[in-house]
Amino acid sequence: MKRMRYFLLTVLIVGSLILASCSNEYTNLEEYQFNKSSDPKLVYADENKVIINDGEDMVVESRGNFYRLPIKLNLGIESFILTSPSGKNALIGTIDKDGSNNIAIVNFFKGSKLTLDQGVIRYVISNFYSMLPNDYYFAYTNKGSETIKLVDLDALKIREVKVNVPVNDAIGVKRNTGYQIYFESSGKIYKKLEQEEPKLVTNGYLLSVDENSNVYFYRNINIKTTKIYKVDKNGREKEIALIDKPNELIKRGSEAVIFITAATDKQFLENNIEFVNLITGKRTALSGNLNDVVPLLYDRGNIAIAFYRDGRAQIVDTRTGKIELIENFDKYVLSDLKMTLGLNVYKNYPIKFNKIVQLRKENDNIRLSLVDSHSKILKILAQQQLKD
């Protein structure tokens, strides 16, 4: 009986310490106050926190409180942001008044920033990245270069890695206390562990690498057949999906990818697309009247938002193929393109299927809510009165 009491007491002490550490996660940060001139936009959200941009200020919400992050960023509608899976880091591109681009990797919580060269823009566009592959490293290269630039996302330092073959695509991953790079050159995928020489993994084109050293890639078998595979660290290959029509890769997440597909004559006359979840192998096809805006990926690619020309939007669970129409949300008008999106993506951020973080500023207050696909409030996350 005495042993049981000691055991329960230990559990209670450990539990209280865990709760205290969670509740104090952001107590070193200054509390943030929105005002009536604030123009907040969502940057990232998950089940534990929400990151918001308000002018030059970056703000994190956690447990119903708002805190000022130790970094200032001049983000506009024309800026692009690729966040890491946890939201800790982001690749950010902004355009100055003179039209020049500023490209940097930032750590929102440390307040650190690393400026990158212009080649990274061409790299992420040509390789269809929609988010940073992981929370530890970001690798990029100038197409055809034999040098890979590996960014340590914690220290925000660049290491140049020479591989002696022209590189088109690269992914850096954490291995124990060091790093490993997977890269594609002329349709062959290699891996390189720190100072070791590159080793051939397989033939194909790189899609993703997970924390268990599984490499996801695709091969174009012929003009109308593409197969997607997984190869594990022991070299065992497994086919996980097949697309049996002409296609082109148009977007990559760490756990799902998007292909645009065409009729047998290889004419991409309509925006027919297929999501492929790399973990479950599930294929989900959408067709007919899709908008020219490529669907957006969230939660490592497990959740997507697709837009239609008639102003509708749908939320897609790429793991299971479930689809829901998004209703009763504010739309967003792209006036330059004369296009309406069925969801204002600056005010709504999906975190799970049928769970969307919604930001509203109205009636002298700001409110963060968790809503479903019909904009029904599931939970109030935080709210604050606006100051003059």
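Keep in mind that what you see is a predicted model, and the values were worked out from it rather than measured.

The rules behind each value
- Residues numbered from 1 in each chain as written.
- Predicted model: local features only at pLDDT ≥ 70, side-chain atom pairs only at ≥ 80, totals over all residues.
- Heavy atoms only, no water.
- Pairing = 2+ DSSP bridges.
- Helix = DSSP H or I, 4+ residues; strand = E, 2+ residues; numbered from the N terminus.
- Axes fitted to C-alpha atoms, helices over the stretch in contact; angles between N-to-C directions.
- Polar contact = N/O pair within 3.5 Å; in protein donor to acceptor, adjacent residues only side chain to side chain.
- Contact = heavy atoms within 4.5 Å.
- Core = buried A, V, L, I, M, F, W, Y, C linked by side-chain atoms within 4.5 Å.
- Buried < 20%, exposed > 50% of the residue type's maximum accessible area, 1.4 Å probe, protein only.

(A) Local environment of the sheet that holds strand S23 (residues 283-286). An order of S20-S21-S22-S23 is seen for the four strands of this open sheet, with the pairing classed as antiparallel. For this open sheet the edge positions go to strand S20 (247-252) and S23, each flanked by a neighbour on one side alone. Pairwise comparison of adjacent strand axes, ignoring direction, gives a mean angle of 25° for this sheet. Here six bridges tie strand S21 (residues 256-261) to strand S22 (residues 272-277), and the two strands are oriented antiparallel to one another. Bridged to Thr-261 within S22 is Asn-272.

(B) Local environment of the sheet that holds strand S3 (residues 57-62). Across the sheet, four strands lie side by side as S1-S2-S3-S4; this open sheet has antiparallel pairing. On the outer flanks of this sheet lie strand S1 (40-45) and strand S4 (65-72), each paired with one strand and no other. Looking at each pair of strands side by side, their axes are set apart by 30° on average, direction ignored.

(C) Up close: the side chain of Ser-375. Residue placement: Ser-375 occurs in the loop between strand S32 (365-371) and strand S33 (377-385). In this structure the side chain of Ser-375 is engaged in a polar contact, spanning 3.3 Å, whose partner is the side chain of Gln-358. In this view, Ser-375 contacts Glu-327, Asn-328, Phe-329 and Gln-358; residues no more than four positions away in its chain are not counted.

(D) Here's a closer look at the nonpolar core. Among the nonpolar cores identified, the biggest contains 49 residues, and Met-58 and Phe-108 are the most heavily contacted of them. Listed in part, the 39 residues of the second largest apolar core include Leu-116, Ala-139, Tyr-190 and Phe-217.

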